[in-house]
Amino acid sequence: EADDKIIAVLENDLVWGAAADLADLPPILVERLRHYFLTYKLIPGEAPVIAVQASYGRDHAGTVVEAALADYRRLPRDAVTP
């Protein structure tokens, strides 16, 4: 089951505003985010069920967002709460 995570930066952000792609972030920050997403759902005493398959840049992230929007549009109206 896919559970993509998108890193977004506010336009004109004083610290990260110049970052336009994952490659623009410090590798240690990307590694810390990766570690967070690998561990934030862990339950003590249970085997991990999460794996980070890959990290990808802006172009692929846009494709993922478009696919999610298309999935959302296909939901039955009664399944979508305002």
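All of these numbers come straight from a predicted model, not from anything done at the bench.

### Some details on the packing of aromatic side chains
- By the definition in use, this model includes 3 aromatic pairs.
- Note on Tyr36 and Phe37: the rings are 5.1 Å apart at their centroids and 70 degrees apart in plane angle, and the pair reads as edge-to-face.
- Taking the relative accessible area as the measure of exposure, Tyr36 reaches 44% and is therefore partly exposed.
- Judged by its relative accessible area of 24%, Phe37 is partly exposed.
- An aromatic cluster of at least three residues, connected via ring pairs, comprises Tyr36, Phe37 and Tyr40.

### Here's the deal with the pattern of salt bridges
- Overall, the coordinates contain 3 salt bridges when judged by the stated rule.
- For Asp71, the salt bridge is made with Arg74, and the minimal N-O distance between the two is 2.4 Å.
- Given the relative accessible area of 43%, Asp71 is considered partly exposed.
- Linked by salt bridges that have partners in common, Asp3, Lys5 and Lys41 make up one network.

### Examining the environment of Leu33
- In this fold, Leu33 is placed in helix H1 (residues 27-39).
- Here the alpha-carbon distance between Leu33 and Lys5, two residues 28 residues apart in the chain, equals 10.0 Å.

### Regarding the environment of Pro44
- With respect to the helices and strands, Pro44 occurs in the loop between H1 and helix H2 (58-73).
- Along the backbone, Pro44 and Ala67 are 23 residues apart, and their C-alpha atoms lie at a distance of 34 Å.

Thresholds applied
Residues numbered from 1 in each chain as written. Predicted model: local features only at pLDDT ≥ 70, side-chain atom pairs only at ≥ 80, totals over all residues. Heavy atoms only, no water. Phe/Tyr/Trp six-rings, centres within 6.5 Å; stacked < 30°, edge-to-face > 60°. Buried < 20%, exposed > 50% of the residue type's maximum accessible area, 1.4 Å probe, protein only. Salt bridge = Lys/Arg side-chain N within 4 Å of Asp/Glu carboxyl O. Helix = DSSP H or I, 4+ residues; strand = E, 2+ residues; numbered from the N terminus.

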